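Breakdown of the fold
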Amino acid sequence: MYALITGASSGIGREIARQLAKHGYGLVLVSRDRKALDKLADELDTKTVVIPLDLSSQKNCLKLYHMLKDKPIDILVNNAGFGCYGEFAKTKLSNELNMIGLNVCAVHILTKLFVRKMLREGRGYILNVASLAAFAPGPYMATYYSTKSYVLKLTESVAAELRHSGKSVSISAFCPGPVATDFNNRAGVKFSIKPIDSGFAAYTALNGMFGRKTVIFPRRRDGLTAFAASLAPRRLTAVVCGHIQKRKSK
Ligand SMILES: NC(=O)c1ccc[n+]([C@@H]2O[C@H](COP(=O)([O-])OP(=O)(O)OC[C@H]3O[C@@H](n4cnc5c(N)ncnc54)[C@H](OP(=O)(O)O)[C@@H]3O)[C@@H](O)[C@H]2O)c1
């Protein structure tokens, strides 16, 4: 039994790796930082394969699949991702294209290829790390919110198809609000509300995934926030989210 985890070198991905190792899974750990992955592999009491790759490149996503296509991968965790803060007119296009490459294209490519493999093998779990940001427009983090919206819609749509497949293959979207990781440093923001612990986030994500839930919230209040955002007029949601994002500015 192996689990493939992207973005395993820090934050939520690293915690998911630690918890799956305790469940007895062998792990394939992917991110760009080989040193951090090796350090994690040394710490874990399970079989590990470390693959340093930049997944914002489509070529690398295909390469990763071809390296693993004959391995028994029972779980795919599409976790690698990042955000960036700023006015859309001013933020850097190249950084956003990389973000779309990682947050959208890598998730799309790996989901498709592993769904096919898992359907052939008759079993598997896919966990896509989306965000509460998927439920609302996100002024000042427009590209990030849009990428997470894609991840949520893709996951919900594929989940509906998989329910008719007659196979034990499921796909889930994990939708947390702020989590205490390196995410904020990379995005250039500070949290305006207290983040949840990354170990707790990973625990709730895996619980939901093993329960084959389609959309997973770490806390009840996150589900209520998403529900309220879906009921409120979209223009109002955009104003509220823009206000929240502005408070995150460093
Ligand atoms: N923290 C939050 O508040 C929060 C809330 C909702 C959703 N999320 C989502 O949770 C996921 C994990 O983020 P995190 O909070 O754990 O942040 P993090 O600590 O910054 O972890 C991000 C991970 O993605 C990897 N990564 C970044 N660029 C990559 C690339 N081009 N190719 C391969 N791997 C790459 C990083 O590793 P390397 O740098 O070694 O490549 C790292 O392992 C993301 O999808 C994020 O959008 C986070």
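About the cut-offs
Residues numbered from 1 in each chain as written. Predicted model: local features only at pLDDT ≥ 70, side-chain atom pairs only at ≥ 80, totals over all residues. Heavy atoms only, no water. Pairing = 2+ DSSP bridges. Helix = DSSP H or I, 4+ residues; strand = E, 2+ residues; numbered from the N terminus. Contact = heavy atoms within 4.5 Å. Axes fitted to C-alpha atoms, helices over the stretch in contact; angles between N-to-C directions. Buried < 20%, exposed > 50% of the residue type's maximum accessible area, 1.4 Å probe, protein only. Right-handed = clockwise from strand over helix to strand, strands pointing away. Core = buried A, V, L, I, M, F, W, Y, C linked by side-chain atoms within 4.5 Å. Parallel < 35°, antiparallel > 145°, perpendicular 65-115°, else oblique. Left-handed = near helix turned anticlockwise from the far one by under 90°. Nonpolar A, V, L, I, M, F, W, Y, C, P; charged D, E, K, R; others polar. Patch = residues over 30% accessible without salt bridge, like charges linked within 9 Å, V, L, I, M, F, W, Y side chains within 5 Å. Areas by Shrake-Rupley, 256 points an atom, 1.4 Å probe, with all protein chains shown as cover. Salt bridge = Lys/Arg side-chain N within 4 Å of Asp/Glu carboxyl O.

**Focus on the sheet that holds strand E7 (residues 215–216)**
- An order of E3-E2-E1-E4-E5-E6-E7 is seen for the 7 strands of this open sheet, with the pairing classed as parallel. Because the sheet does not close on itself, it has two edges, and the strands there are strand E3 (48–52) and E7.
- Judged from the 5 bridges that link them, strand E2 (residues 26–31) and E3 form a sheet pairing that is parallel. Within E3, the position partnered with leucine 27 by the bridge is threonine 48.
- Those strands touched by helix H3 (residues 58–68) are strand E1 (2–6), E2, E3 and strand E4 (73–78), and its axis lies near 155 degrees from that of E3.

**Considering the pairing of strand E5 (residues 123–129)**
- Summarising burial for E5: 6 of the 7 residues are buried, a large majority.
- Both E4 and E5 contribute to a ladder of 4 bridges, which runs parallel. Its bridge partner being in E5, valine 77 is matched across the sheet by leucine 127.
- Tracing the backbone out of E4, into helix H4 (residues 93–121) and back to the parallel element E5 gives a crossover that is right-handed.
- In this view, the connection linking E5 to its parallel neighbour strand E6 (residues 168–174) by way of helix H5 (residues 142–162) has right-handed handedness.

**Here's the deal with the nonpolar core**
- Leu4, Val28, Val30, Leu55, Leu64 and Phe114 are the most contacted members of the largest nonpolar core, which has 40 residues in total.
- Of the residues forming this core, the biggest block, 9 residues, is contributed by H4.
- Aside from chain neighbours lying at most four places away, what touches phenylalanine 114 is Leu4, Tyr65, Leu68, Ile73, Leu76 and Ile126.
- In this structure, Ile12, Ala17, Leu27 and Val77 belong to the second largest nonpolar core, which totals 29 residues.

**Considering the packing of helix H1 (residues 11–22) against helix H7 (residues 198–210)**
- Direction vectors running N to C along H1 and H7 enclose 60 degrees, while the axes themselves pass 8 Å from each other. For the element pair H1 / H7, the angle class is oblique. Classified by chirality, the crossing of H7 by H1 is right-handed. Counted together, Gly11, Ile12, Glu15, Ile16, Gln19 and Leu20 of H1 and Ser198, Gly199, Ala202, Tyr203, Leu206 and Phe210 of H7 form the full contact between these two elements.
- Residue composition of the contact of H1 with H7, grouped by class: 7 nonpolar, 4 polar and 1 charged.

**Notes on a nonpolar patch on the surface**
- Where nonpolar side chains cluster on the molecular surface, the patch consists of Leu93, Leu97 and Ile100 and spans about 280 Å² of accessible area.
- With respect to the element layout, leucine 93 can be found in helix H4.
- Residue leucine 93 is classed as exposed on the basis of its relative accessible area of 58%.

**Thoughts on the side chain of serine 198**
- By secondary structure assignment, the location of serine 198 is in helix H7.
- For serine 198, the residues in contact, after removing those within four places along its chain, are Gly11, Ile12, Glu15, Val179, Ala180 and Thr181.

**Here we look at the environment of lysine 39**
- Its place among the elements puts lysine 39 in helix H2 (residues 34–43).
- For lysine 39, a relative accessible area of 64% corresponds to the exposed category.
- Separated by 146 residues in the primary sequence, lysine 39 and asparagine 185 have C-alpha atoms spaced 21 Å apart.

**Re the pattern of salt bridges**
- Counted under the stated rule, the structure contains 6 salt bridges.
- The closest approach of N and O atoms between arginine 18 and glutamate 15, which form a salt bridge, is 2.7 Å. With arginine 18 and glutamate 15 both in helix H1 and 3 residues apart, the pair spans about one turn of that helix.
- Residue arginine 18 is joined to glutamate 43 by a salt bridge in which the shortest nitrogen-to-oxygen separation is 2.6 Å. Of this pair, arginine 18 sits in helix H1 while glutamate 43 sits in helix H2, and the two are 25 residues apart along the sequence.
- Its relative accessible area of 24% is what places arginine 18 among the partly exposed residues.
- Classification of glutamate 43 by relative accessible area gives partly exposed; the value is 45%.

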